[in-house]
Amino acid sequence: MCLAVPGKVVSIDHRADPLTGLIDFGGVRKQACLEYLHDLRVGEYVIVHVGFALQRLDEESARASLELFEQLGLLEEEFGDPWAQAAQQAEGTQPTAARAVAAEESGSEAR
């Protein structure tokens, strides 16, 4: 599923072309294109869809949406479990699907 997810602008890279920034989605941080919202400021909330910030959102609505998405398991579905991902990176392991893709790209078989 691909959601339009509310997030908080943590930083903006004004030197980037197109304009980009780091967005916090309830603990998961991702880069997003901010080109459609030129006068955006750090601390504001936006709705992000497929990597593009499309609209501003007030903090109360953003927090309510994030809470509901979390309760429904939609944030984990969209972003994965950030704690599990960090543990896998620390251990140097990858999920089975990621190993299969990596093996396919290198020309070997996943085991």
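Our subject in this report is the structure included herewith. Keep in mind it's a predicted model, so treat the numbers as computed, not measured. (Residues numbered from 1 in each chain as written. Predicted model: local features only at pLDDT ≥ 70, side-chain atom pairs only at ≥ 80, totals over all residues. Heavy atoms only, no water.)

## Here's the deal with helix α1 (residues 59-71)
Heads up, the condition is: For helices the rule is a DSSP run of H or I covering at least 4 residues; for strands it is a run of E covering at least 2, with both sets numbered from the N terminus onward. Expected helix span is taken as 1.5 Å per residue step, with the number of steps being one fewer than the number of residues. Relative accessibility under 20% of the residue-type maximum defines a buried residue, over 50% an exposed one, and the middle range a partly exposed one, all with a 1.4 Å probe and only protein chains included. Each direction from the helix axis to a C-beta atom contributes to the arc, which is the arc of those directions. Counted as a polar contact is a pair of N or O atoms within 3.5 Å, where, for protein atoms, one must be capable of donating a hydrogen and the other of accepting one, and residues adjacent in sequence contribute only when both atoms are in side chains.
A rise of 1.5 Å per residue sets the reference length of α1, with its 13 residues, at 18 Å; its end C-alpha atoms lie 18 Å apart and thus fit the reference within 8%. Of all the residues in α1, the buried ones are Ala62, Leu66 and Phe69. The arc enclosing the buried residues of α1, seen along the axis, measures out at 65 degrees, which places them on a common side. Looking at α1, the residues exposed on the side facing more than 90 degrees away from the buried face are Glu60 and Gln71. N-capping of α1 is provided by aspartate 58, with a side-chain oxygen placed 3.3 Å from the backbone N of glutamate 60. Downstream of α1 by one or two residues, glycine 73 has phi in the positive range, about 80 degrees.

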